[in-house]
Amino acid sequence: MSPNEPASNAGIRNARAGAMRTLIVFESQWGNTEAVARAVAEALGPETAVERASALAASDLAGVELLVVGSPTQGGRPLAGVTKLLTSLESNALASTRAAAFDTRLPMGERGFALRLLMRTIGYAAPKIAKALEAKGAHLTAPPEGFLVEGKEGPLRPGELERAAAWAATLRAPVGR
């Protein structure tokens, strides 16, 4: 399956049979987070599936060895589809899963004092996603990562898709190494 094609639930179910073991889950409002998800998938290889969180059920994550979850940051949180999927998982559902989290965000260093202060207070989506993944038993393979957009609706900053691919290459390393 090409990372440019949406995964079908049947494709995700094949992960349990060993055909596909890596899944990128995302929500995207203006396409920026989806572009990062697809760049990560392409870097991880053709066996990687890409799917919107809102199209999945908790059972679709069973058997996935590497789970990467991404969302834009809105109000300091991930979009509802990501939150709903992660909260629907049972307590230890990801115990044998390696995971990573990313978000898309505005570069705060270039914003006014009030917005920088607000973002320091409410935070970004990726750390919240990472915390939720760990709460469900996943082992993080990398710290949460943020990819920059030029404005609320984007586009991605130049070089961010290449940075996403480079970040993805670090996700294959075994946990604890």
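Now for a description of the structure that goes with this document. (Residues numbered from 1 in each chain as written. Predicted model: local features only at pLDDT ≥ 70, side-chain atom pairs only at ≥ 80, totals over all residues. Heavy atoms only, no water.)

The number of helices and strands found in the protein chain is six helices and six strands. The secondary structure elements of the protein chain, listed N-terminal to C-terminal, are α-β-α-β-β-α-β-α-α-β-β-α. A total of 177 residues make up the protein chain; the buried ones form 47% of that total. Within the protein chain, contacts between residues at least 6 apart in sequence are counted, and of these 80% link residues at least 24 apart. Accessible surface for the protein chain amounts to roughly 8300 Å². Of this, 55% is attributable to carbon and sulfur atoms. (Helix = DSSP H or I, 4+ residues; strand = E, 2+ residues; numbered from the N terminus. Buried < 20%, exposed > 50% of the residue type's maximum accessible area, 1.4 Å probe, protein only. Contact = heavy atoms within 4.5 Å. Areas by Shrake-Rupley, 256 points an atom, 1.4 Å probe, with all protein chains shown as cover.)

Attention now moves to the side chain of Arg105. Following the sequence through the fold, Arg105 ends up in strand S4 (residues 98–105). We classify Arg105 as buried; its relative accessible area is 18%. Within the structure, Arg105 has its side chain in polar contact with the side chain of Asp103 (distance 2.8 Å). Not counting chain neighbours up to four residues away, the residues in contact with Arg105 comprise Thr73, Tyr124, Ala126, Pro127, Glu145, Gly146, Phe147, Leu148 and Val149. (Polar contact = N/O pair within 3.5 Å; in protein donor to acceptor, adjacent residues only side chain to side chain.)

Let us now look at the packing of aromatic side chains. Per the stated rule, a full pass over the model turns up three aromatic pairs. Taken together, a centroid distance of 6.1 Å and an interplanar angle of 70° make the contact between Phe102 and Trp167 edge-to-face. Remark: Trp167 occurs in helix H6 (residues 160–170) and Phe102 occurs in strand S4; sequence separation between them is 65 residues. Just as Phe102 is buried, Trp167 falls in that class too. A connected cluster of aromatic rings, assembled from ring pairs, spans Phe102, Phe147 and Trp167. A cation sits over an aromatic face here: Arg105 above Tyr124, 3.7 Å from the ring centre. (Phe/Tyr/Trp six-rings, centres within 6.5 Å; stacked < 30°, edge-to-face > 60°. Lys NZ or Arg CZ within 6 Å of the ring centre and 35° of its normal.)

These figures come from the coordinates and say nothing about function on their own.
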